[in-house]
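Residue strings, one per chain:
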Amino acid sequence: MKVLVINCGSSSLKYQLIDSETEEALATGLCERIGIDGRLVYQPAGCDKIKTDLAMPTHNEAIQFVLDALTNADNGVIKSLDEVGAIGHRIVHGGEKFTKSVVITDEVIAAIEECNDLAPLHNPANLIGVRTCQKLMPGKPNVAVFDTAFHQTMPAKAFTYGLPYEYYEKYAVRRYGFHGTSHDFVSHRAAEIVGKPYEDLKIIVAHLGNGASISAIKDGKCQDTSMGLTPLEGLVMGTRSGDIDPSIMEFIAKKENLDIAGIMNVLNKQSGVQGISQLSSDFRDLEEGANAGNDKAQLAMEVFAYRVAKYIGSYVAALNGVDVIAFTAGIGENAPTIRKMVLGYLGYLGISVNEEENGKRGDELLISTADSKVKVYVIPTNEELAICRATVALV
Ligand code: ADP
C-alpha cells in the first residue's frame, strides 16, 4: 500500500509518500509559507528538489499542490490518487485520551479538539491537515499518530507534578512527553539489533534534535521521559531552556519588564544553546565556534551534554540499570563530539566507547566496545516510516 504521511503545521506542511511494502519514500517535500505567499518543495526519490512558488492562501491549496505534484505526468510518482491507500497524520497532543494510533472518525476529531488546550499551536493545525485530506480525498482512511501516545504507559509517580493535585483533576496538568513516535521506533529497532525481546530490555533513548528529549523504557513500556505538559521541560535544547528554577520567570519578568507571553517567548525561542552561546542553535555552528576559540559556544555544548548525561544517570536509577542506550535525531545521529562528551560522564556504568565507530556519521552504528557493559548505538530515527507502519496496521 502507498501511504501519504502528513505533518501539518500552522504555516507549513511536511509530506512523504511511502510504499509500505518496500518501506521506501517515493517522494518527500514540504509546503512553506502557507497563508503568507506559498512555496512547494517536491522531491521524487533519487531526483533533485523542485521548488515552486505557488499561491497558498490556505492548506487547501497547499495539499492540492502536493497531490498534483505526486500525480504529475512529468515527475509524479503515481498515476492517480487511487494508488494512495491511506493517509497517516502526525498529531502532537493526544492528552490522556489516546494511548495508541487510531483511525480518524468524527468522534476522534472531537476528542483531539478537546486536547487543543494542551497544544494550542499544534493540534488545531494538525486537524486542518486532517480535514483538508478528508475533503480532497473523500473515502480514504485517515489515521492519527500521536506524539504523546507512547508515553502514556508512564506510571503516576513519573507523570505527576509536585503541584496541587486539583490542577491535574481540573485541567489535566501532568507530564505527557513528546517525540513518542521516534522513541517508539528507535527503542524497538534497538531491541531488534540486540536480538532480545523488547520486554526484557532496559533501554534509554536520547532523541537529540533541535527539540530534544530522553525516554526510559522497561518491561516493554515507557517509564519516564524528559518533556512534560509541553515540550519545554527537560533537556537544554536548540532554543528552549529545558528545566529551570520556575522563580526565574518572576525575577526576569520584573527586571526586563516582560509579561507571561514575553517570558514564554524567551524560554521557547531565545534560550537553550542559542541563548547561552549567543551564536546559534545549530550544533555545527557551535562546534565551529568552539574550535575557533568561542568560549560561549564551548560552554553551550558543555551545558547541553552535561544535562543529557544527568538525565541518563537519573533514568539508570529509575530503571535500576540499563542494557542499551540509543542516540538519535539531528545531533544524536550526526554529532560524534556531543556523543563523546555525554558518554564521558557514564564510565561508572561500565560503558566504554569505540572511538573509531563513534567518529562515523549517519548510519546505524554500535559505538560501544565489545566489552562495554552497556551497548550504545546510533540509530537514525524515521518518524514518517513509523507513521506509515502505524497507518497500515490500522487500515
Ligand atoms: P528537529 O526535527 O527538532 O528540527 P533535527 O532532528 O532535524 O531537529 O535536528 C536538527 C539539529 O541537528 C540541527 O539544529 C543541528 O544542531 C543538528 N545537526 C544536524 N546535522 C549536524 C551535524 N552534521 N553535526 C552536528 N549537528 C548537526
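Each remark here, short or long, concerns the structure printed above.
Undergrad: So, the site of the ligand: which residues are in play, and what are the values?
TA: Close to the ligand lie 13 residues; Asn210, Gly211, Phe283, Gly330 and Arg361 are nearest. Contact distances for the ligand include 3.5 Å between a nitrogen atom and a side-chain N or O atom of Arg284. In the environment of the ligand, an oxygen atom lies 3.4 Å from a nitrogen or oxygen atom belonging to the backbone of Ile331. Contributions of two or more residues to the shell around the ligand are made by helix H10 (283-291) and helix H12 (329-334). The element that contributes the greatest number of residues to the shell around the ligand is H12, accounting for four residues.

Undergrad: Provide a residue-level description of the packing of aromatic side chains, including the pertinent values.
TA: One pass over the full model with this rule turns up seven aromatic pairs. Taking 5.8 Å as the distance between ring centres and 50 degrees as the angle between the ring planes, the aromatic pair formed by Phe159 and Tyr168 counts as tilted. For Phe159, a relative accessible area of 11% translates into the label buried. In textbook terms, an aromatic cluster arises when at least three aromatic residues are bridged by ring pairs, as seen for Phe159, Tyr165 and Tyr168. For the cation-ring pair, Arg174 lies above Phe159, with the distance from its terminal atom to the ring centre recorded as 3.6 Å. Positioned above the aromatic ring of Tyr176 is the side chain of Arg174, whose terminal nitrogen or guanidinium carbon lies 4.7 Å from the ring centre.

Parameters and conventions
- Residues numbered from 1 in each chain as written.
- Predicted model: local features only at pLDDT ≥ 70, side-chain atom pairs only at ≥ 80, totals over all residues.
- Heavy atoms only, no water.
- Near = heavy atom within 4 Å.
- Polar contact = N/O pair within 3.5 Å; in protein donor to acceptor, adjacent residues only side chain to side chain.
- Helix = DSSP H or I, 4+ residues; strand = E, 2+ residues; numbered from the N terminus.
- Phe/Tyr/Trp six-rings, centres within 6.5 Å; stacked < 30°, edge-to-face > 60°.
- Buried < 20%, exposed > 50% of the residue type's maximum accessible area, 1.4 Å probe, protein only.
- Lys NZ or Arg CZ within 6 Å of the ring centre and 35° of its normal.

Geometric values such as these leave the question of function open.
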